[in-house]
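# Structure assessment
Listed here are the chains, written in short residue letters.
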Amino acid sequence: MAVSPMQRIELCALKKDRKKILEMLQRRGIVEISDGPENDGVFRKTDTAQARAVLEKGIAASREALEILNHYAPESKSLFSSLEGREITTVEHYDSFEKQRDSMLQLAYRLSSLAQKMEESKAEILKLGIQMESLMPWKSFDLPLNFSGSRKTAAFIGILPPGSDQEALEEQLCLSGSDAVAVEIVSSSPEQTCVMVLCMRAVAHAVEERLRELGYAKPNVTPSVPPAEQLKKLQNTIAELTRKVQLAQDEIKRQSEAREDLKFMLDYYTMRLEKYEIISRLMQSRRTFILTGYVPERETAALEKELNANFPVAVKFETPAEDEDVPVLLRNNGFSSPVESVVESYSLPGKGEVDPTAVMSIFYYVLFGMMLSDAAYGVLLTLICGFCLHRFKNMENGMRNTLKMFFFCGISTIFWGVMFGSYFGDV
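I will try to describe carefully the structure that is included in this document. (Residues numbered from 1 in each chain as written. Predicted model: local features only at pLDDT ≥ 70, side-chain atom pairs only at ≥ 80, totals over all residues. Heavy atoms only, no water.)

### Quick look at the side chain of Ser412
So the rule is basically this: Comment: elements are numbered from the N terminus, with helices defined as DSSP H or I runs of at least four residues and strands as E runs of at least two. Partly exposed residues are those whose accessible area sits between 20% and 50% of the maximum for their type, while under 20% is buried and over 50% is exposed, using a 1.4 Å probe and protein chains only. Pairs of N or O atoms within 3.5 Å make up the polar contacts considered here, provided that, within protein, one atom can donate a hydrogen while the other can accept it, and that residues adjacent in sequence are counted only when both atoms are side-chain atoms. Residue contacts follow a heavy-atom distance rule, with two residues in contact if any of their heavy atoms lie within 4.5 Å.
Tracing the sequence through the fold places Ser412 in helix H13 (residues 397–420). According to the relative accessible area criterion, Ser412 is buried, its value standing at 10%. For Ser412, the side chain forms a polar contact with the main-chain oxygen of Tyr365, separated by 2.7 Å. Excluding anything up to four places from it in sequence, Ser412 contacts Tyr365, Val366 and Gly369.

### Digging into the environment of Arg110
Relative to the elements of secondary structure, Arg110 occurs in helix H4 (residues 91–135). Sequence separation between Arg110 and Ala65 is 45 residues; the distance between their C-alpha atoms is 8.6 Å. Excluding anything up to four places from it in sequence, Arg110 contacts Lys117 and Glu251.

### Some points on the nonpolar core
For soluble globular proteins, nonpolar side chains are generally found buried alongside one another. Filter applied, for reference: By nonpolar core we mean a set of buried residues, namely Ala, Val, Leu, Ile, Met, Phe, Trp, Tyr and Cys, connected to one another through side-chain atoms within 4.5 Å.
If you look at the biggest cluster of nonpolar residues, it comprises 29 residues, and the most contacted ones within it are Met104, Leu111, Ile252, Leu262, Met265 and Tyr269. For this core, the elements supplying multiple residues, two or more each, are helix H2 (49–72), H4, helix H7 (227–254) and helix H8 (259–279). Tallying contributions element by element places H4 first for this core, with 10 residues. Those residues in contact with Met265, other than ones at most four positions away along the chain, are Ser62, Phe97, Arg101, Met104, Leu105 and Ala108. Counting residues in each nonpolar core, the second largest holds 21 residues, with Ala13, Ile21, Met24 and Ile33 among its members.

### So, H13
Counted only if it meets this: Expected helix span is given by 1.5 Å per residue-to-residue step, counting one fewer step than there are residues.
Over its 24 residues, H13 runs 34 Å from end to end, which matches the ideal 34 Å to within 8%, given 1.5 Å per residue. Turning to H13, its buried residues are Leu403, Met405, Cys409, Gly410, Ser412, Thr413, Trp416 and Gly417. Packed against the buried residues of H13 are helix H3 (81–84), helix H11 (357–372) and helix H12 (375–391). Backbone geometry just downstream of H13 places Gly421 in the positive-phi region, at approximately 70°.

### Digging into unusual backbone geometry
Its identity as a non-glycine residue notwithstanding, Ser373 has a phi of 40°, on the positive side. Summarising the element assignment, Ser373 is placed in the loop between H11 and H12. Residue class for Ser373 comes out buried when judged on its relative accessible area of 14%. Although it is not a glycine, Phe424 sits at a positive phi angle of roughly 50°. Mapped onto the elements of the fold, Phe424 is located in the segment after H13. The class of Phe424 is partly exposed, set by a relative accessible area of 41%.

### Examining the pairing of strand S4 (residues 182–188)
To be explicit about the condition: At least two DSSP bridges between two strands are needed for those strands to be called paired.
Pairing analysis gives six bridges linking S4 to strand S5 (residues 193–200), with the strands arranged antiparallel. Among the inter-strand pairings, Ala182 is bridged to a residue of S5, identified as Leu198.

### Brief notes about a nonpolar patch on the surface
Heads up, the condition is: Only residues whose relative accessible area exceeds 30% and that take part in no salt bridge are eligible for patches, with like-charged residues grouped when within 9 Å of each other and nonpolar side chains (Val, Leu, Ile, Met, Phe, Trp, Tyr) grouped when within 5 Å. Computed by Shrake-Rupley with a 1.4 Å probe, the accessible areas treat only the displayed protein chains as cover when residues are assessed. Salt bridges are counted wherever a side-chain nitrogen of Lys or Arg sits within 4 Å of a carboxyl oxygen of Asp or Glu.
A surface patch of nonpolar side chains, amounting to about 1100 Å² of accessible area, comprises Phe335, Val359, Ile362, Phe363, Val366, Leu367, Met370, Met371, Phe415, Met419 and Phe420. When residues of the nonpolar patch are traced back to their parent elements, those giving at least two are H11 and H13. For the nonpolar patch, the element with the most residues is H11, which contributes seven residues. Topologically, Val366 is positioned in helix H11.

### Some words on the packing of helix H1 (residues 18–28) against H8
Let me state the cut-off plainly: An axis is simply a line fitted to the C-alpha atoms; with a helix, the fit covers only the stretch in contact. Between two such axes, the angle follows the N-to-C directions and lies from 0 to 180 degrees. In a left-handed crossing the near helix is turned counterclockwise from the far helix by less than a right angle, and in a right-handed crossing that turn is clockwise.
Following both chains from N to C, one finds H1 and H8 inclined at 115°, their axes separated by 11 Å at the closest point. Crossing angle aside, the handedness with which H1 passes H8 is right-handed. Here Arg18, Lys19, Leu22, Glu23 and Gln26 of H1 lie close against H8, whose contacting residues are Met271, Glu274, Lys275, Ile278 and Ile279.

### Observations regarding the packing of aromatic side chains
To describe a pair of aromatic rings, you give the distance between the ring centres and the angle between the ring planes. Test applied: Ring pairs are drawn from Phe, Tyr and Trp, using the six-membered ring of Trp, whenever the two centres fall within 6.5 Å, and their geometry is named by plane angle: stacked under 30 degrees, edge-to-face over 60, tilted for the rest. In this scheme, Lys NZ or Arg CZ marks a charge over a ring once it lies within 6 Å of the ring centre and within 35 degrees of the ring normal.
Counting across every chain of the model gives 13 aromatic pairs. Aromatic pair Tyr364 and Tyr365: ring centres 6.3 Å apart, planes at 85°, arrangement edge-to-face. Residue Tyr364 is classed as partly exposed on the basis of its relative accessible area, which comes to 30%. By way of ring pairs, the aromatic residues Phe335, Tyr364, Tyr365, Phe407 and Phe408 are connected into one cluster. The residue whose ring lies beneath Arg391 is Phe392, and the NZ or CZ to ring-centre distance is 5.2 Å.

### Comments concerning the sheet that holds strand S3 (residues 153–160)
The pairing of strands in a sheet comes from backbone hydrogen bonds and takes either a parallel or an antiparallel form. Taken together, the three strands give an open sheet; going across it, the order is S3-S5-S4, and neighbouring strands pair in antiparallel fashion. A single partner strand is all that each edge strand has here, and the edge strands are S3 and S4. Averaged over all neighbouring strand pairs, the angle between strand axes comes to 15°, with direction disregarded. Here S3 runs beside S5; their pairing, made up of eight bridges, is antiparallel. Bridge pairing in S5 links Thr153 to Met200. Packed on one face of the sheet, helix H5 (residues 166–173) meets S3, S4 and S5 and runs near 140° to S4. Docked against the sheet, helix H6 (residues 204–213) engages S3 and S5, running at close to 5° with respect to S3.

### Concerning the environment of Gly334
You can see Gly334 is positioned in the loop between strand S8 (313–318) and helix H10 (340–346). Sequence separation between Gly334 and Met405 is 71 residues; the distance between their C-alpha atoms is 9.7 Å. Those residues in contact with Gly334 that lie beyond four places of it in its chain are Lys404 and Phe408.

So this is what it looks like as structure tokens:
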């Protein structure tokens, strides 16, 4: 069939009816609005960037809130949930949502705040866990790890390479017979040796130099209390943070009842954003606005009647010029329309050109059946697709067309399977 002919629409109406007219056109989904002419002395375009920024913020908040709910309180879905489609709502429900929009937006921000606090608490728990791990080898040590000695003595508390021996260390660190150095090995492991070295403060610098030559390093964590006491504090802090994470997660799960309202809010803000994007393309004066675009020729009479019945408007339809770039709309019967997406994936025909969908659909179904060519598989494919099409009336158009395409492919497969005598791979 040929490409559906289009008409250019020019509409002039009162500015106070702009919202209702645009929403009506948006629900009909048959008009593609084009940019108006440049600003003149009377009509000019309105900058809606600020309003769109607010709506985009609401969309981001709604989407983030839904992602949080899906992560912490996943929605239980049936096997055929992808075929159920969206729930159809009424205009009254859409208009009434204005009253609860602010409360739902606050809920979305609350969910985002809870998720952020949870992530911060988990990061802090991980950080404290690393600190506890580094303090465990010092658990039996009685002094704080930042202890540096007394008035006359200097203490070096730190880590040496594994395999260090106490007597050998004392011999290596002893500068002379009169300058004794005491070494205490706190703990040792295949990875490190934890030691405390005590010497006179007069030789502290020289002892520190020798320690560094042996691979000495200070602990990563140096609390001002003994390690055992610090470990207890860290454990209490981790327990408190874990409790906060659990409380936040429980609150998020309790808000899962608002999932459908959040989905509706996402659609609500998306539709309003589309409307404001259109408003930015309209020519407007103080009291009126002008809308230009394209509409399928077969829809012009019904659209004009509905507009005149509800609003004081002036509507004009014109045939586009030959060189005018108009939108392309394919129009095919129920047999060919399922494979329109295949044509669209390559290139749509131009205005006045022949739509190849009808011819291509025949070859598509025939060749699919010849390639599969198994009657039993064809029966299964046809029955499953037929059942889904009959059972789920509200599925998305894209999914419906896909199932219709495989339904006809299944019929073709049955035919060629019988012709070739193939049933479940010649079982």
